[in-house]
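For reference, the chains in residue letters:
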Amino acid sequence: MDFTFTEEQQAAAEAARGVLAGVAPDSVPSPALTVGAVADDFDRALWTRLADADLVSLLLDPEYGGAGLDAVALCLVLREAAKVLARVPLLESSAALAAVQAFGGEELKAHLAARAGRGEVVLTVAASGRTGHDPAELAVTARQEGEVWVLDGVQTAVPWAYGADFVLVPAHTAADRTLLALVPRAQAGVELAEQISTTGERLAELRLDAVRIAERDVIDADGAWEWLRDLLATGTCALALGLGERVLGMTSEYTGKREQFGFPVATFQAVAVQAADRYIDLRAMEVTLWQAAWRIASGAPGALPASGDVAVAKIWASEGVRRVVQTAQHLHGGFGADVDYPLHRYHAWAKHLELSLGPAAAHEEMLGDLLAAHPLA
């Protein structure tokens, strides 16, 4: 079996490294230095550079100006973005756009795909539910009135909502079906209430009061929400992996230079063992990530649905990214809390990713349900 990435996937990662090379984590707004939100908008200049490098349209087919790549390529790019704490909605916009392409109608794709691929239109996804614990698809109701759908409900912690042009919202119907509605941020009946992430970035509580959405802008295909949810979760695991790798690299650099009793602290057994444990965490995060991304990209059958592989990746990413940053803080000593050093920023972003992924115990329970429903031969 060949586990190497394709030339196109490697080229996407290399292009991302080139674009992101100029991003300095030291310059990322720090939640420790700001009261309230660290910024009103995401990094528009970086977004433009990513779009110019065709990294916003990675998953789009060539007919819409995209590269026609897959979830693996997107995760490779997200991994690089997390290493520099890139303040852009690359995951959310790419995933929403991919769902529109895979499940949306021809009119919607013609209207939106090319513009979003060029970065002219920014998308995000409301995927947290009413409280952050409830299923997102149950937070909003949808009823059809003639040729429009009417949405009511509340979604919490919507990322980049204040800078996005559209929010892709899962909603449930009276017939217990889940659809995806593309909601314009400026639509009548849409209200945003500011929430602040651990990163200091603005999230939004999205309130929908009889919001009317044209039938063209609603995706009612079977499996669309489940596919999008898995892609978002897998992309979040990629962000956790990239952040964790950079943090462990920073820890290695610091402990290799910091001396006690005339020796670098990295040579002390207690330090080396802790770093080695975190390296094992990262490798487990990596292998489970690529398994999940490959299942989504290829649609290959398995003993369990692809959501099982996604659950395993989330278990490792949620626990792993927390352990990596905690160990880094410990091995850095008080220097890890110094606001003139970027580690505290990575810690804040890691906490956001951990909360976004949810507790490992919940994913383990879901995995158990899958195993019960799909007995292994």
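Since this is a predicted model, take the numbers as computed values, not measurements.

1. Description of the packing of aromatic side chains
So, step 1. With the rule as written, the count across this model stands at four aromatic pairs.
So, step 2. Arranged with centres 6.2 Å apart and planes meeting at 85°, the rings of Phe-42 and Trp-160 form a pair that is edge-to-face. One end of the pair, Phe-42, is in the loop between helix H1 (7–20) and helix H2 (44–52); the other, Trp-160, is in the loop between strand E3 (148–159) and strand E4 (166–172), with 118 residues separating them in the sequence.
So, step 3. Judged by its relative accessible area of 13%, Trp-160 falls in the buried class.
So, step 4. Between Phe-103 and Trp-227, the aromatic rings sit 5.6 Å apart at their centres with planes inclined by 65°, giving edge-to-face as the arrangement. Of this pair, Phe-103 sits in helix H4 (residues 90–103) while Trp-227 sits in helix H6 (residues 224–257), and the two are 124 residues apart along the sequence.

2. Some points on the nonpolar core
So, step 1. Of all hydrophobic cores here, the largest spans 92 residues; its most connected members are Leu-228 and Leu-243.
So, step 2. Here this core takes 16 residues from H6, the largest share from any one element.
So, step 3. Not counting chain neighbours up to four residues away, the residues in contact with Leu-228 comprise Ala-95, Ala-96, Ala-99, Val-125, Leu-168 and Leu-180.
So, step 4. Counting residues in hydrophobic clusters, the runner-up holds 22 residues, among them Trp-149, Tyr-162, Leu-179 and Leu-208.

3. Section: the side chain of His-332
So, step 1. Turning to its location among the elements, His-332 is positioned in helix H8 (residues 306–332).
So, step 2. On the basis of relative accessibility, which here comes to 2%, the residue His-332 falls in the buried class.
So, step 3. When near neighbours in sequence (up to four residues on either side) are disregarded, His-332 contacts Met-250, Thr-251, Tyr-254, Tyr-341 and Leu-343.

4. Re the pattern of salt bridges
Any two side chains of opposite charge can pair, on the condition that their charged atoms come close.
So, step 1. Evaluated as defined, the whole model comprises 31 salt bridges.
So, step 2. Between Glu-137 and Arg-229 there is a salt bridge, with its nearest N and O atoms 3.8 Å apart. Of this pair, Glu-137 sits in the loop between strand E1 (123–125) and strand E2 (140–145) while Arg-229 sits in helix H6, and the two are 92 residues apart along the sequence.
So, step 3. The class of Glu-137 is buried, set by a relative accessible area of 15%.
So, step 4. By relative accessible area, which is 36% here, Arg-229 ends up partly exposed.
So, step 5. Residue Arg-278 is joined to Asp-281 by a salt bridge in which the shortest nitrogen-to-oxygen separation is 2.9 Å. Here Arg-278 pairs with Asp-281, and both are found in helix H7 (residues 269–298), just three residues apart, close to one helical turn. Accessibility classification places Arg-278 together with Asp-281 in one group, the buried group.
So, step 6. Members of the salt-bridge network, linked through shared partners, are Glu-14, Arg-17, Arg-79, Glu-80, Lys-83, Glu-245, Arg-283 and Glu-286.

5. Digging into the packing of helix H3 (residues 71–83) against H6
When two helices pack together, their arrangement is given by the angle between the helix axes and by the axis-to-axis distance.
So, step 1. The contact between H3 and H6 brings their axes to 7 Å, and the two run at 40°. With respect to H6, the axis of H3 lies oblique. Like other packed secondary-structure pairs, H3 and H6 cross with a definite hand, here right-handed. Where H3 abuts H6, its residues Ala-71, Leu-74, Cys-75, Leu-78, Arg-79, Ala-82 and Lys-83 lie against Leu-231, Thr-234, Gly-235, Ala-238, Leu-239, Leu-241, Gly-242, Leu-243, Glu-245 and Arg-246.
So, step 2. Residue composition of the contact of H3 with H6, grouped by class: ten nonpolar, three polar and four charged.

6. Some remarks on empty space enclosed by the protein
Any space left empty among the atoms is revealed by the rolling of a water-sized probe across them.
So, step 1. Scanning all chains against the criterion turns up two cavities of 30 Å³ or more.
So, step 2. What lines the largest cavity is simply Ala-39, Asp-40, Asp-41, Phe-42, Trp-160, Tyr-162, Gly-163, Glu-201 and Arg-202.
So, step 3. Counted by class, the lining of the largest cavity contains four nonpolar, one polar and four charged residues.
So, step 4. Volume-wise, the second largest cavity comes out at about 30 Å³.
So, step 5. Contributing to the lining of the second largest cavity are Val-56, Ser-57, Leu-58, Leu-59, Leu-60, Ser-94, Leu-97 and Ala-98.
So, step 6. Here the lining of the second largest cavity is built from residues that sort into six nonpolar, two polar and no charged.

The rules behind these values
- Residues numbered from 1 in each chain as written.
- Predicted model: local features only at pLDDT ≥ 70, side-chain atom pairs only at ≥ 80, totals over all residues.
- Heavy atoms only, no water.
- Phe/Tyr/Trp six-rings, centres within 6.5 Å; stacked < 30°, edge-to-face > 60°.
- Helix = DSSP H or I, 4+ residues; strand = E, 2+ residues; numbered from the N terminus.
- Buried < 20%, exposed > 50% of the residue type's maximum accessible area, 1.4 Å probe, protein only.
- Core = buried A, V, L, I, M, F, W, Y, C linked by side-chain atoms within 4.5 Å.
- Contact = heavy atoms within 4.5 Å.
- Salt bridge = Lys/Arg side-chain N within 4 Å of Asp/Glu carboxyl O.
- Axes fitted to C-alpha atoms, helices over the stretch in contact; angles between N-to-C directions.
- Parallel < 35°, antiparallel > 145°, perpendicular 65-115°, else oblique.
- Left-handed = near helix turned anticlockwise from the far one by under 90°.
- Nonpolar A, V, L, I, M, F, W, Y, C, P; charged D, E, K, R; others polar.
- 1 Å grid on protein atoms, 1.4 Å probe; cavity = no way out; pocket = protein on both sides within 12 Å on 5 of 7 lines; lining within 4 Å.
- Points joined across faces, edges and corners; volume = space filled by probe spheres on them.

Fair warning: the whole summary comes from geometry, so function is off the table for now.
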